[in-house]
Amino acid sequence: MKPADFITASLRLDPVPSLPGIRLYTAHAGSRLSRLLDDDDPDPPAPYWAYQWAGGLALAQHFRRHPVLVAGKHVLDLGAGSGLVGIVAAQAGATVSAAEIDLYGQAAIALNAVANGVSIGLRDMVLDGPVPDEIDLIAAGDVFYNAQVAATMLPFLQRCQAAGITVLIGDPDRRDLPLDQLELLASYAVSDVGDARDTADRLGAVYRLR
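Residues numbered from 1 in each chain as written. Predicted model: local features only at pLDDT ≥ 70, side-chain atom pairs only at ≥ 80, totals over all residues. Heavy atoms only, no water.

(A) Inspection of the sheet that holds strand β9 (residues 202-209) at higher detail. If you walk across this open sheet you meet the seven strands as β5-β4-β3-β6-β7-β9-β8, and the pairing is mixed. In this open sheet, the two strands that pair with only one neighbour each are β5 (120-122) and β8 (182-190). Across the sheet, the axes of successive neighbouring strands diverge by a mean angle of 25°, strand direction being ignored. Both β8 and β9 contribute to a ladder of eight bridges, which runs antiparallel. Each residue of the ladder has a partner; that of A186, found in β9, is V206. Relative to β8, helix α2 (residues 54-65) is tilted by about 95°, and along the sheet it contacts β6 (137-141), β7 (166-171), β8 and β9. (Pairing = 2+ DSSP bridges. Helix = DSSP H or I, 4+ residues; strand = E, 2+ residues; numbered from the N terminus. Axes fitted to C-alpha atoms, helices over the stretch in contact; angles between N-to-C directions. Contact = heavy atoms within 4.5 Å.)

Rendered as structure tokens:
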């Protein structure tokens, strides 16, 4: 089954409680995402695209409350997952592209964009490659989720910031977040994957890379 067909057949187009008017294809108890696991892959990619994460929700709320941050700008939703952050930025008047390596994530971004009446282009991104051109702001939600990814992500974002790109990071203060490199802008009550999926018990922060 093609990724888009799997998503529309197995996930529900549900509202995002903290963001009125936004709907995303979201996993539920009957989605059986385990069908996507490859027995030959010892480390299959997690279905990040099927849920809302705390950092992305914080960034989305921040753009909803402060649309001037993105209106009229070229925004890159980095590690976009479901595309939530890019969708809110696009609704605020940004031209949005999304970087997401998971093929199901790419399909989810396209489906979610259509469901919310916006256009989001997909963009290939290599973290040890060149700084992206024609980008004014990078929105990076939940990209410091483990030490290995953080070790690659931070130098890339620092190069982007040095090139004049504003870098905003959303995260619920996970262990590998480089707090000494960040300036806190705002905090929001959010849900998260796992045990906080149906609550707003997490605090998601929005930071600027300095």
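(B) Representation of the nonpolar core. Of all hydrophobic cores here, the largest spans 33 residues; its most connected members are L19, I22, F63, L84 and I120. Only α2, α3 (84-91), β4 (95-99), α4 (103-115), β6 and β8 provide two or more residues apiece to this core. What L84 contacts, discounting residues up to four positions off in sequence, is L19, I22, L24, Q52, G56, L57, A60 and D77. (Core = buried A, V, L, I, M, F, W, Y, C linked by side-chain atoms within 4.5 Å. Buried < 20%, exposed > 50% of the residue type's maximum accessible area, 1.4 Å probe, protein only.)

(C) Structural view of α4. Taking 1.5 Å per residue, 13 residues should reach 18 Å; α4 reaches 18 Å between its end C-alpha atoms and fits that length. Buried residues of α4: G105, A107, A108, I109, N112 and A113, and no others. Buried residues along α4 sit in contact with α1 (3-10), β1 (12-15), β2 (23-26), α3, β4 and β5. One side-chain oxygen at the N-terminal end of α4 lies 2.7 Å from the backbone nitrogen of Y104; it belongs to D102. Phi turns positive, to about 70°, at G117, one or two residues after α4. (Expected span 1.5 Å × (residues − 1). Polar contact = N/O pair within 3.5 Å; in protein donor to acceptor, adjacent residues only side chain to side chain.)

(D) Seen up close, the pattern of salt bridges. In this structure the tally under the stated criterion is seven salt bridges. Of the charged contacts, one joins R208 and E183 as a salt bridge, the two residues approaching to 3.1 Å between their closest N and O atoms. Residue R208 is located in strand β9, and its partner E183 is located in strand β8; the two are separated by 25 residues in the primary sequence. For R208, a relative accessible area of 32% gives the class partly exposed. (Salt bridge = Lys/Arg side-chain N within 4 Å of Asp/Glu carboxyl O.)

(E) Here's a closer look at unusual backbone geometry. One non-glycine residue, R32, adopts positive backbone phi at about 55°. Of the residues examined, R32 reaches a relative accessible area of 52% and is grouped as exposed.

(F) Representation of the environment of H62 within the structure. By the element assignment, H62 lies in helix α2. Classification of H62 as buried rests on a relative accessible area of 6%. Residues in contact with H62, not counting those within four places in the same chain, are L69, L185, A186, Y188 and V206. Separated by 2.7 Å, the side chains of H62 and Y188 make a polar contact.

(G) The arrangement of the pairing of strand β3 (residues 74-78) in detail. Taken across its five residues, β3 has four buried, putting it largely inside the fold. When β3 meets β4, the two strands line up parallel, connected through five bridges. Residue pairing in the sheet places L76 in a bridge with S97 of β4. Assessed by its sense of winding, the connection that carries the chain from β3 through α3 to β4 is right-handed. Of the pairings in the sheet, the one linking β3 to β6 comprises four bridges and is parallel in character. Paired with V75 across the two strands is L137, which belongs to β6. (Right-handed = clockwise from strand over helix to strand, strands pointing away.)

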